[in-house]
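# Examination of the molecular architecture
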Amino acid sequence: MNQVTFGLKAYLKALRLMWANNLVRYLLIPAILNIIVVVAFIFSGVGIGDWIYSFIERSTENMNGWIHAGMVAIKIILPIIFFALFIFIGGTIVNILMSPIYTLLSEKTETILTGKEFPFDMKQTFRDVWRAIRIAIRNTAKQLILIALCLLLNFIPVVGSVVSIILIFIINAYYFGYGFMDYTYERWRLSPKDSRKETHKLKFVTFAIGAVYSLPLYLICGSFIAAFIGGVSTVAATISQLTLAKVQQQSSNSFN
């Protein structure tokens with residue numbers, strides 16, 4: 001509970017830091033990306049529905065009322081399905097697209113708190129972004145597998161459904177939090193394996209960071225709300241890691 005509370009309090013510190021240092025403007029970028037992605041998803045559904053309709057219309061000599069009604073239903077339902085798909089994976093897509101901005105936010109946070117400067121290196125920036133994308137894709141794959149297993153619990157009436165919802169929230173919170181924590185670890189030049197180890201050591205802080213981001217995703221259009229939170233989550237994760245690293249260093253110096 002101490003780690004969870006620590007992670008949640010980091011959000012208040014993150015908001016104060018971002019407001020005081022004019023970093024709030026970065027929160028508008030993921031919101032704009034969210035709108036672009038959701039429009040792309042919906043138009044993809046419309047486009048695929050039109051293509052199916054045209055294909056069947058060309059392939060069928062006599063389109064009776066039932067076939068025509070089915071095609072109209074497809075044209076209506078597909079955009080809705082694609083929008084529902086966006087609700088499930090939109091947060092992950094936006095996080096992947098936002099990797100360069102989140103990397104920058106994490107760097108700026110450490111510079112503000114420690115005074116340490118990070119000179120711009122294009123090659124290293126591309127490496128960091130590529131690493132963040134790989135980790136996001138890998139974590140998403142793990143999330144989907146674990147969520148699919150949790151959904152099996154719904155075959156157990158009532159209790160199974162409740163347990164499934166709780167477990168899915170914990171899984172999402174941990175893996176989203178892991179992604180936000182890794183922006184700092186990649187800058188500290190930890191390998192992905194070492195990053196996993198360090199994240200696991202701070203698993204309750206990681207959970208708290210990801211929990212705040214994950215909560216809105218359970219709401220209709222919650223990914224739009226989560227888009228604003230992603231940048232704050234990155235800053236909160238960085239603040240947590242720097243604070244804990246400082247405490248650990250002080251403890252080590254006292255021991256020596």
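Residues numbered from 1 in each chain as written. Predicted model: local features only at pLDDT ≥ 70, side-chain atom pairs only at ≥ 80, totals over all residues. Heavy atoms only, no water.

Time to look at a positive patch on the surface. Taken together, the side chains of Lys142, Lys193, Arg196 and Lys197 present a region of like positive charge at the surface. The element best represented in the positive patch is helix α7 (residues 192–201), accounting for three residues. Summarising the element assignment, Lys142 is placed in helix α5 (residues 122–151). Taking relative accessible area as the criterion, Lys142 reaches 31% and is therefore assigned partly exposed. (Patch = residues over 30% accessible without salt bridge, like charges linked within 9 Å, V, L, I, M, F, W, Y side chains within 5 Å. Areas by Shrake-Rupley, 256 points an atom, 1.4 Å probe, with all protein chains shown as cover. Salt bridge = Lys/Arg side-chain N within 4 Å of Asp/Glu carboxyl O. Lys, Arg positive; Asp, Glu negative; His and termini not counted. Charge placed at Lys NZ, Arg CZ, Asp CG, Glu CD. Helix = DSSP H or I, 4+ residues; strand = E, 2+ residues; numbered from the N terminus. Buried < 20%, exposed > 50% of the residue type's maximum accessible area, 1.4 Å probe, protein only.)

Under the defined criterion, the tally for this structure stands at one cavity of 30 Å³ or more. Approximately 180 Å³ is the volume found for the largest cavity. Considering the residues around the largest cavity, the lining is formed by 16 residues, among which Asn95, Ala136, Tyr175, Gly179 and Tyr183 are closest to the centre. Breaking the lining of the largest cavity down by element, the ones donating at least two residues are α3 (65–97), α5 and α6 (159–187). When grouped by side-chain class, the residues that make up the lining of the largest cavity number eight nonpolar, seven polar and one charged. (1 Å grid on protein atoms, 1.4 Å probe; cavity = no way out; pocket = protein on both sides within 12 Å on 5 of 7 lines; lining within 4 Å. Points joined across faces, edges and corners; volume = space filled by probe spheres on them. Nonpolar A, V, L, I, M, F, W, Y, C, P; charged D, E, K, R; others polar.)

Once that is clear, we can look at the side chain of Arg131. Mapped onto the fold, Arg131 is located in helix α5. Note on Arg131: relative accessible area 9%, which makes it buried. Ignoring sequence-local partners within four residues, the contact set of Arg131 consists of Asp182, Tyr185, Glu186, Leu190, Ser191, Pro192 and Ser195. (Contact = heavy atoms within 4.5 Å.)

Let's shift gears to a nonpolar patch on the surface. A cluster of nonpolar side chains, namely Ile156, Val158, Val159, Val162, Val163, Ile166, Leu167 and Ile170, defines an oily patch on the protein surface of about 670 Å² accessible area. You can call Val158 exposed: its relative accessible area is 64%.

Turning next to unusual backbone geometry. Of note, the phi angle at Asn22 is positive, near 60 degrees, even though the residue is not glycine. Counting through the fold element by element, Asn22 comes out in the loop between α1 (2–20) and α2 (28–59). Phi is positive for Arg189, which is not a glycine, with a value near 65 degrees. Along the chain, the position of Arg189 falls in the loop between α6 and α7. Residue classification places Arg189 among the partly exposed residues on the basis of a relative accessible area of 47%.

On inspection of all chains with the given rule, the structure shows eight aromatic pairs. A centroid spacing of 5.8 Å and a plane angle of 70 degrees characterise the contact between Tyr102 and Tyr183, whose relative ring orientation is edge-to-face. Here Tyr183 lies in helix α6 and Tyr102 lies in helix α4 (residues 99–114), a separation of 81 residues in the sequence. Judged by relative accessible area, Tyr102 falls into the buried class, the value being 1%. Relative accessible area serves as the criterion here: at 6%, Tyr183 is assigned to the buried category. Centre to centre, the rings of Phe180 and Tyr213 are 5.2 Å apart; their planes meet at 75 degrees, and the pair counts as edge-to-face. Placement of the pair is Phe180 in helix α6 and Tyr213 in helix α8 (residues 203–214), with a sequence separation of 33 residues. (Phe/Tyr/Trp six-rings, centres within 6.5 Å; stacked < 30°, edge-to-face > 60°.)

By volume, the second largest pocket is sized at about 280 Å³. As for the second largest pocket, its lining consists of 13 residues, and the residues nearest its centre are Glu107, Pro119, Phe120, Asp121 and Thr125. Those elements that place two or more of their residues in the lining of the second largest pocket are α4 and α5. If you tally residues by element for the lining of the second largest pocket, the top one is α4, at four residues. For the lining of the second largest pocket, the per-class residue count stands at five nonpolar, three polar and five charged.

Ranked by size, the top nonpolar core spans 32 residues in total, and within it Tyr11, Met18, Leu105, Phe180, Ile209, Tyr213 and Val235 carry the most contacts. Residue assignment for this core shows that the elements contributing at least two residues are α1, α4, α6, α8 and α9 (222–255). Per-element tally for this core: the top contributor is α9, with seven residues. Contact partners of Met18, with chain neighbours within four places excluded, come to Leu23, Val24, Leu27, Leu105, Gly231, Val232 and Val235. By size, the runner-up hydrophobic cluster in this structure holds six residues, among which are Ile147, Cys150, Ile171 and Tyr178. (Core = buried A, V, L, I, M, F, W, Y, C linked by side-chain atoms within 4.5 Å.)

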